Every structure is written in C-alpha cells, then in structure tokens.
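# Structural features, examined
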Amino acid sequence: MALSEELSVDKTVMAYVFSSATDGMGGAITYAVTAGSGSATVDPSTGALMGISAGTVKLTASTEGDWDYKAASISQEITIDKGRPVLSLSPVMGLRVDEIATLTATTTAQKGGGLIRFSVDKEVSDGYAEIDEQEGQIAGITAGMILLNATAQGDANYHAVSISQWINIGKTTPTLTMLSPDTLQVDESFQLRLGTSATSGMGGSISFFLASSGSGSATLDLRTGWFTALSAGTVTI
C-alpha cells in the first residue's frame with residue numbers, strides 16, 4: 001500500500017493497493033481509517049485520504065475475495081504532518097495621514113491555525129503608521145510606503161505562516177480654523193491664532209497674509225502675526 005504523496009492537515013492524497021491477484025480478480029478493495037494520535041477521513045471506495053489533525057492514523061485496505069481468491073487486508077500507519085495554510089490580506093486603498101482603516105486577514109486553515117497578529121515593519125518603511133496587532137486597525141501617521149505583516153501563529157495542527165503587503169500612506173489636507181476674534185476697533189491689535197487638524201505639530205509652519213482690502217484697512221506683521229486695524233470696514237486675512 002502506498003500514498004500518492006505525503007499527507008498533511010487539510011490535504012487529500014490517494015491511497016493505492018497492489019494485489020497479487022491477477023486480471024483484476026480478488027474482489028473490490030475498500031478502505032477504512034482508524035484514529036491514533038491524529039485523525040483523517042477516507043473514501044471507502046476510492047481511497048481518497050484527507051488529514052484532519054496532525055499525528056498518526058492506521059489505514060486499512062481490504063478485498064472481499066471472490067471465487068478464486070480469499071478475502072485479504074493490509075494495514076499501514078500513516079503520519080499526518082501539520083498543515084501549511086495560506087493567508088490572504090485584504091488590500092488597503094487610499095489610506096492618508098490621520099485616517100484609519102481596518103485590515104482583514106483570512107486563512108485556508110479549516111480548524112484553528114493560531115491567532116493572527118498584525119504589525120508594521122518599521123525598518124524598511126519610509127512612512128509610519130500605528131496598528132492594533134490584534135484587531136488590525138491601522139492609523140496613518142506620516143506619509144510614505146509601509147510594509148504590513150500578518151502572521152498566523154500556528155497551533156498543534158498548523159505551521160505558523162505570514163504574509164506581507166506594501167501600502168502607501170498619502171498626504172492629507174488639514175482643516176484650518178481661525179481662533180482669533182473677527183471684530184475689533186480701529187487702532188486695536190491682536191495676535192492671530194490658527195488651529196489645525198494636523199496632529200503632533202505636523203503640517204508645516206503657519207503663516208498669515210492680507211489676502212485683500214475691503215471697505216477697511218489694516219496692517220499685519222507676517223512674522224509675528226500681529227494684526228492692527230487702521231480704518232473701519234472689512235479686510236480678508
């Protein structure tokens with residue numbers, strides 16, 4: 001008795017029996033499997049053997065016998081190796097700085113395969129992102145390319161496997177908010193203040209300028225941001 005190839009968890013191979021009976025006689029061959037430290041299923045008529053859990057099983061092939069040959073059987077211990085599942089990682093499209101996306105990893109492991117953990121390879125990435133290693137939630141921090149990794153840690157029946165994917169974190173346009181008052185008296189001054197949605201002091205330096213004069217007039221120190229009203233009316237900063 002022989003197998004078409006080595007057997008592992010979730011894999012199906014064919015069992016073959018060679019009989020000394022001539023001309024196809026000796027009766028039909030049937031197959032049965034007995035669990036040991038591992039488990040498997042077998043098609044009793046074709047001998048298609050599928051590994052369910054790692055370990056050993058006993059495979060038995062039997063012939064029914066006929067007018068010329070008695071019934072016969074043979075058994076063989078089969079080792080089932082750990083399976084090596086395939087991981088797939090959902091693509092992350094259009095992630096930008098300050099945005100959040102969620103990675104999804106799927107595995108071909110039928111049962112188990114170990115916990116899946118996510119990470120960013122900081123050594124080869126020129127962008128930066130923070131990631132929840134369990135949930136796969138990723139937040140863009142700085143623009144550039146990053147290498148994402150997903151690893152199924154393996155268990156009693158499956159080897160650990162990993163998959164990687166490059167994604168680009170694009171620049172984002174921050175939201176600016178004027179924090180200074182929009183009304184003042186002639187000859188009054190205040191220092192302009194601006195709020196930005198850019199995090200961690202990023203987004204570049206902030207500068208002010210008088211875009212146009214309206215019905216009023218004013219001066220603006222471009223270096224310090226001090227604004228002084230000269231005549232009544234409106235101006236645009």
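Parameters and conventions
Residues numbered from 1 in each chain as written. Predicted model: local features only at pLDDT ≥ 70, side-chain atom pairs only at ≥ 80, totals over all residues. Heavy atoms only, no water. Pairing = 2+ DSSP bridges. Helix = DSSP H or I, 4+ residues; strand = E, 2+ residues; numbered from the N terminus. Core = buried A, V, L, I, M, F, W, Y, C linked by side-chain atoms within 4.5 Å. Buried < 20%, exposed > 50% of the residue type's maximum accessible area, 1.4 Å probe, protein only. Contact = heavy atoms within 4.5 Å. 1 Å grid on protein atoms, 1.4 Å probe; cavity = no way out; pocket = protein on both sides within 12 Å on 5 of 7 lines; lining within 4 Å. Points joined across faces, edges and corners; volume = space filled by probe spheres on them. Nonpolar A, V, L, I, M, F, W, Y, C, P; charged D, E, K, R; others polar. Salt bridge = Lys/Arg side-chain N within 4 Å of Asp/Glu carboxyl O. Patch = residues over 30% accessible without salt bridge, like charges linked within 9 Å, V, L, I, M, F, W, Y side chains within 5 Å. Areas by Shrake-Rupley, 256 points an atom, 1.4 Å probe, with all protein chains shown as cover.

## A closer look at the sheet that holds strand 4 (residues 29–35)
- Strand order in the open sheet formed by 4 strands is 2-8-7-4, with mixed pairing between adjacent strands. Sheet topology places strand 2 (7–8) and strand 4 at the edges, where each strand pairs with a single neighbour.
- Taken together, the 2 bridges between strand 2 and strand 8 (residues 72–81) define a ladder with parallel strand orientation. Bridging from a neighbouring strand, Leu7 pairs with Ile80 of strand 8.

## Description of the sheet that holds strand 5 (residues 39–42)
- Strands sit in the order 1-3-6-5 across an open sheet of 4 strands; the sheet is antiparallel. On the outer flanks of this sheet lie strand 1 (2–3) and strand 5, each paired with one strand and no other.
- Here strand 1 pairs with strand 3 (residues 12–16) via 2 bridges, running antiparallel. From the neighbouring strand, Leu3 faces strand 3, where its bridge partner is Ala15.

## So, the nonpolar core
- In terms of nonpolar packing, the biggest core is built from 20 residues, with Ile138, Ile146 and Leu148 touching the most fellow members.
- Listing elements by their share of this core, those giving two or more residues are strand 9 (87–89), strand 12 (116–121), strand 15 (144–152) and strand 16 (161–169).
- With 4 residues, the single largest contributor to this core is strand 15.
- Not counting residues up to four positions away in its chain, the partners in contact with Ile146 are Val120, Ser125, Gly127, Tyr128, Ala129, Ile138, Gln165, Trp166, Ile167 and Ile169.
- In this structure, Val13, Leu49, Ala109 and Tyr158 belong to the second largest nonpolar core, which totals 17 residues.

## Digging into the layout of surface pockets
- There is about 350 Å³ of room inside the largest pocket.
- When contributions to the lining of the largest pocket are tallied by element, the ones reaching two or more residues are strand 21 (217–220) and strand 22 (226–231).
- No other element matches the 3 residues that strand 22 contributes to the lining of the largest pocket.
- When its residues are assigned to classes, the lining of the largest pocket shows 12 nonpolar, 8 polar and 1 charged.
- Estimates place the volume of the second largest pocket at around 210 Å³.
- Together, 15 residues line the second largest pocket, and Ser19, Ser20, Thr63, Ala72 and Ser73 are the ones closest to its centre.

## Quick look at the pattern of salt bridges
- Applying the stated criterion across every chain, the model contains 1 salt bridge.
- One salt bridge in this structure joins Glu5 and Lys11, with 2.9 Å as the shortest N-O distance.
- Residue Glu5 is classed as partly exposed on the basis of its relative accessible area of 42%.

## Side note on a nonpolar patch on the surface
- Together, Val124, Met145 and Trp166 make up a nonpolar patch on the protein surface, roughly 280 Å² of accessible area in all.
- In this structure, Val124 sits in the loop between strand 12 and strand 13 (128–131).
- The class of Val124 is partly exposed, set by a relative accessible area of 45%.

## Quick look at the pairing of strand 14 (residues 137–142)
- Examined bridge by bridge, strand 10 (residues 100–102) and strand 14 share 3 bridges and lie antiparallel to one another. Looking across to strand 14, one finds that Thr102 is bridged to Gln137.
- Two strands pair when backbone bridges link them, and strand 13 and strand 14 are joined in this way by 4 bridges, in the antiparallel orientation. Note on strand 14: the bridge partner recorded for Ile131 is Ile138.
- Between strand 13 and strand 14, which pair antiparallel one after the other, the connecting turn spans 5 residues, and Gly136 there sits at a positive phi close to 80°.

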